[in-house]
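# Topology and contacts: notes
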Amino acid sequence: MAKVTRDDVARLAGTSTAVVSYVINNGPRPVAPATRERVQAAIAQLGYRPDRVAQAMASRRTDLIGLIVPDARQPFFGEMAHAVEQAASDRGKMVLVGNSDYLDDREIHYLRAFLGMRVSGLILISQGPSANAAAEIEAWDARIVLLHERPEAIDEYAVVTDDIGGAQLATRHLLEHGHAYVACLGGTEKTPVLGDPVTDHVEGWRRAMRESGRSIEGRLFQAPYNRYDAYQVALGLLAGPDRPPAIFCATDDQAIGVLRAARELRIDVPGELAVAGFDDVKEAALTDPPLTTVASDREAMARAAVDLVLDDSLRVNGTRRDRLRQFPSRLVVRASCGCQ
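Keep in mind that what you see is a predicted model, and the values were worked out from it rather than measured.

Rules and cut-offs
Residues numbered from 1 in each chain as written. Predicted model: local features only at pLDDT ≥ 70, side-chain atom pairs only at ≥ 80, totals over all residues. Heavy atoms only, no water. Helix = DSSP H or I, 4+ residues; strand = E, 2+ residues; numbered from the N terminus. Contact = heavy atoms within 4.5 Å. Polar contact = N/O pair within 3.5 Å; in protein donor to acceptor, adjacent residues only side chain to side chain. Axes fitted to C-alpha atoms, helices over the stretch in contact; angles between N-to-C directions. Parallel < 35°, antiparallel > 145°, perpendicular 65-115°, else oblique. Left-handed = near helix turned anticlockwise from the far one by under 90°. Nonpolar A, V, L, I, M, F, W, Y, C, P; charged D, E, K, R; others polar. Buried < 20%, exposed > 50% of the residue type's maximum accessible area, 1.4 Å probe, protein only. Pairing = 2+ DSSP bridges. Right-handed = clockwise from strand over helix to strand, strands pointing away. Salt bridge = Lys/Arg side-chain N within 4 Å of Asp/Glu carboxyl O.

Here D280 lies in the loop between β9 (274-276) and β10 (293-296). For D280 and Q127, which are 153 residues apart along the polypeptide, the C-alpha to C-alpha distance reads 20 Å. Excluding anything up to four places from it in sequence, D280 contacts E79, D252, T293, V294, A295, R298, V332 and R334. At 3.0 Å, the side chain of D280 and the side chain of R334 are in polar contact.

The subject of this paragraph is the packing of helix α8 (residues 163-175) against helix α9 (residues 197-211). Contact geometry of α8 with α9 gives a least axis separation of 7 Å together with a crossing angle of 45°. If you check the angle between α8 and α9, you find them oblique. Every pair of crossing elements has a handedness; the one defined by α8 and α9 is right-handed. Where α8 abuts α9, its residues D163, I164, A167, Q168, T171, R172 and L175 lie against P197, D200, H201, E203, G204, W205, R207, A208, M209 and E211. Residue composition of the contact of α8 with α9, by class: seven nonpolar, four polar and six charged.

Along any regular strand, the residues point their side chains to alternate faces of the sheet. The buried fraction of strand β1 (residues 64-69) amounts to six of the six residues, a majority that puts the element mostly inside the structure. Of the two faces of β1, the one lined by L64, G66 and I68 and the one lined by I65, L67 and V69 are each fully buried. In this structure, β1 lies alongside strand β2 (residues 94-99), joined through six bridges in parallel fashion. In the sheet register, I65 faces β2, and the bridge partner there is V95. Tracing the backbone out of β1, into helix α5 (residues 75-90) and back to the parallel element β2 gives a crossover that is right-handed. Direction of pairing for β1 relative to strand β3 (residues 121-124): parallel, over a ladder of four bridges. Residue pairing in the sheet places I65 in a bridge with G121 of β3.

This structure, assessed with the given rule, holds 17 salt bridges. Residue R91 is joined to D307 by a salt bridge in which the shortest nitrogen-to-oxygen separation is 2.8 Å. On the criterion of sequence distance, the pair formed by R91 in the loop between α5 and β2 and D307 in helix α12 (residues 298-310) is long-range, its members being 216 residues apart. Exposure remark for D307: the relative accessible area of 26% places this residue in the partly exposed category. Note that E203 and R206 form a salt bridge whose closest N and O atoms lie 3.8 Å from each other. One end of the pair, E203, and the other, R206, are both in helix α9, three residues apart, so they sit about a helical turn from each other. Since its relative accessible area comes to 22%, E203 is described here as partly exposed. Each member of the salt-bridge network shares a partner with another, and the members are R91, D307 and D311.

Now the structure itself:
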């Protein structure tokens, strides 16, 4: 059987090969709905399959979007990657995922690899501030969007949530339960990192504590972001003589580790210890007790990031603030704070 070509589709649909290309590529020019239906019907009838390699060579772009995350094993990044994949699929694109493992060298490796493959664009959930990554991005003429985190060193379009405001909501809520104070499980950085979500979560906790007239002295504790290491930190904190009455965790994964440590030490949550997290990963609703947390609209953020990567009309010149898309956070109340 002879290979079906674009000419065959155009002939059956009664249109030009250029219009067939616009339908297949969803642009760059609009196609009337009736014409689009005829072209799609012809494609289905003939069983036409576009040669994606030839298309990529002609346009110097592929139908791929690169996505770099710190660690897809962590529930938040796994769920965010899935949301990006869904948003990209809706636009006819596929996603390549690379894990930086919080290492600068691996982030640079994936930047070079994905951009060298001529992806349509790249979405970067950065592992942290990186002058090397900023220099690498500067060297490429590429569409890059920062998601979730906005390192000060990288001046690109960014899609984030209101991390400070969300942390304030959670901390205030714990304080409204009448606790003398709320401790905070932050990240591992000793120095605040501008644009880092965990840094902003700690800042939101600070603001809520200070506005309530409470001291933060000696109430911020460093812990890795994952539940396993946070569990070890929590064991020491909760077994000590100055056990806090409530803890706000910078991530849900940390909070899950705290809940496990409390159970092991036979500390009742929320009777003896109230806990809140940040991220609203799906597992948060299934912990024992279910975790009070802060949610962001990951699906909307993913769509915004994909749209910014693909649509030139959304990319405008302006200040760093003009290139920021910030989505609101909301408090999700469950039993770990003492409400249910």
